[in-house]
Amino acid sequence: MFEVLTGTGLAASAGLNAYIPLLALGLLSRYSNLIDLPSGWTWLGNGWVIVILAVLLAVEMVADKVPVVDHINDVVQTVVRPTAGGLAFGAGSSSETVTVSDPGSFFSSHQWVPVAVGVVLAFGVHLLKSAARPVVNATTAGFGAPVASTAEDATSVIVSLIAILLPVLVLAFLVGLLAFTYWFLRRRSDRRREREAARAAGFRV
């Protein structure tokens with residue numbers, strides 16, 4: 001089951017930043033013995049692929065820290081992040097790592113399943129990120145955008161490394177993500193009720 005946690009962590013990480021988990025897979029497979037990509041995914045360790053991912057990451061990190069531009073970026077990333085999540089889950093869950101020695105046994109009969117699961121996971125995290133960012137911008141007059149973006153990038157890096165090196169800790173991240181989702185949705189619901197109550201009071205006056 002460690003390969004599932006590895007794929008889950010990488011896909012969730014892609015929901016925050018599409019390029020960090022893919023770049024982590026490529027760099028670690030090319031320059032270390034911590035991960036051994038299967039034959040179908042060795043292209044991630046290609047030098048040109050790594051350079052392209054690094055350039056795209058730099059563009060993403062800048063765009064995501066500018067108010068208004070970050071919203072446009074999130075719209076564009078609606079396709080990119082789930083795609084990256086599918087690739088990251090597929091590559092990560094089928095790779096040999098320091099904790100997984102026989103990854104092929106879990107998804108041997110349905111190779112498309114990990115990619116589909118990764119797409120769904122990354123898309124879910126992306127939706128949560130996209131919904132939370134306008135709230136951050138509105139409540140901080142835009143000053144919170146670079147702080148939130150930096151925190152998201154750092155989380156993506158940490159979760160990507162944990163997913164590869166110590167995947168059992170991905171469970172803690174998932175618990176935290178579910179807790180944040182519950183809090184965020186409840187907070188939005190409370191704010192909506194407050195606005196409706198304020199409008200109703202205005203009409204009565």
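Quick note: structure is the one above.
An account of the accompanying structure is given in this report. Since this is a predicted model, take the numbers as computed values, not measurements.

### A word on the overall build of the protein
Here is step 1 of the chain: Along the backbone of the protein there are seven helices and two strands.
Here is step 2 of the chain: Relative to all contacts within the protein whose residues are 6 or more apart in sequence, the contacts with residues 24 or more apart total 75%.
Here is step 3 of the chain: Taken as a whole, the protein presents about 10,700 Å² of accessible surface, with 73% of it coming from carbon and sulfur.

### Here we look at the nonpolar core
Here is step 1 of the chain: The biggest cluster of nonpolar side chains holds 24 residues, and the ones touching the most others in it are Leu25, Leu37 and Leu44.
Here is step 2 of the chain: Of all the elements, helix α2 (residues 19–31) adds the most residues to this core, at six residues.
Here is step 3 of the chain: Look past the residues within four positions of Leu37 in its chain and what remains in contact with it is Leu25, Ser29, Thr42, Leu44, Gly45, Ala91 and Ser95.
Here is step 4 of the chain: Within the second largest apolar cluster, five residues are counted, among which are Ala12, Leu16, Val159 and Phe173.

### Overview of a nonpolar patch on the surface
Here is step 1 of the chain: A cluster of nonpolar side chains, contributed by Phe2, Leu34, Val157, Leu161, Leu165, Leu166, Val168, Leu169 and Leu171, occupies part of the molecular surface with about 680 Å² of accessible area.
Here is step 2 of the chain: No other element matches helix α6 (residues 144–165), which puts three residues into the nonpolar patch.

### Points about the pattern of salt bridges
Here is step 1 of the chain: Enumeration over the complete set of coordinates arrives at eight salt bridges.
Here is step 2 of the chain: Between Arg81 and Glu60 there is a salt bridge; the shortest N-O distance is 2.9 Å. Here Arg81 is found in helix α4 (residues 69–93), whereas its partner Glu60 is found in helix α3 (residues 47–63), with 21 residues between them in sequence.
Here is step 3 of the chain: For Asp70, the salt bridge goes to Arg133, with nearest N and O atoms at 3.1 Å. Of this pair, Asp70 sits in helix α4 while Arg133 is found in helix α5 (residues 112–140), placing the two residues 63 residues apart along the sequence. Each of the two residues, Asp70 as well as Arg133, counts as buried.

### So, helix α1 (residues 2–16)
Here is step 1 of the chain: Relative to the 21 Å expected for 15 residues at 1.5 Å per residue, α1 spans 22 Å between its end C-alpha atoms, a close match to the ideal helical length.
Here is step 2 of the chain: α1 sits mainly inside the fold: 14 of its 15 residues count as buried.

### Considerations on the environment of Asn73
Here is step 1 of the chain: Here Asn73 shows up in helix α4.
Here is step 2 of the chain: Residues in contact with Asn73, not counting those within four places in the same chain, are Glu60, Ala63, Asp64 and Arg81.

### Concerning unusual backbone geometry
Here is step 1 of the chain: Of note, Val68 is a non-glycine position whose phi angle comes to about 75°, a positive value.
Here is step 2 of the chain: Take Val68: its relative accessible area is 59%, and that puts it in the exposed class.

### Quick word on the side chain of Ser160
Here is step 1 of the chain: In this fold, Ser160 is placed in helix α6.
Here is step 2 of the chain: What Ser160 contacts, discounting residues up to four positions off in sequence, is Leu10, Ser13, Ile20, Pro21 and Ala24.

### Digging into the packing of α2 against α4
Here is step 1 of the chain: In the contact formed by α2 and α4, the axes pass within 8 Å of each other and the chain directions differ by 30°. Relative to α4, the element α2 is oriented roughly parallel. In this structure, α2 meets α4 at a crossing whose hand is left-handed. Facing α2, whose interface residues are Tyr19, Pro21, Leu22 and Leu25, α4 presents Gln77, Val80, Ala84, Leu87, Ala88, Ala91 and Gly92.
Here is step 2 of the chain: Partitioned by chemical class, the residues of the contact of α2 with α4 number nine nonpolar, two polar and no charged.

### Digging into α4
Here is step 1 of the chain: Look at α4: 34 Å from first C-alpha to last across 25 residues, which is about the 36 Å you get at 1.5 Å a residue.
Here is step 2 of the chain: Along its length, α4 reaches its greatest deviation from straightness, about 55°, at Gln77.

Parameters and conventions
Residues numbered from 1 in each chain as written. Predicted model: local features only at pLDDT ≥ 70, side-chain atom pairs only at ≥ 80, totals over all residues. Heavy atoms only, no water. Helix = DSSP H or I, 4+ residues; strand = E, 2+ residues; numbered from the N terminus. Contact = heavy atoms within 4.5 Å. Areas by Shrake-Rupley, 256 points an atom, 1.4 Å probe, with all protein chains shown as cover. Core = buried A, V, L, I, M, F, W, Y, C linked by side-chain atoms within 4.5 Å. Buried < 20%, exposed > 50% of the residue type's maximum accessible area, 1.4 Å probe, protein only. Patch = residues over 30% accessible without salt bridge, like charges linked within 9 Å, V, L, I, M, F, W, Y side chains within 5 Å. Salt bridge = Lys/Arg side-chain N within 4 Å of Asp/Glu carboxyl O. Expected span 1.5 Å × (residues − 1). Axes fitted to C-alpha atoms, helices over the stretch in contact; angles between N-to-C directions. Parallel < 35°, antiparallel > 145°, perpendicular 65-115°, else oblique. Left-handed = near helix turned anticlockwise from the far one by under 90°. Nonpolar A, V, L, I, M, F, W, Y, C, P; charged D, E, K, R; others polar. Bend = angle between axes of the 7 residues up to and from the residue.

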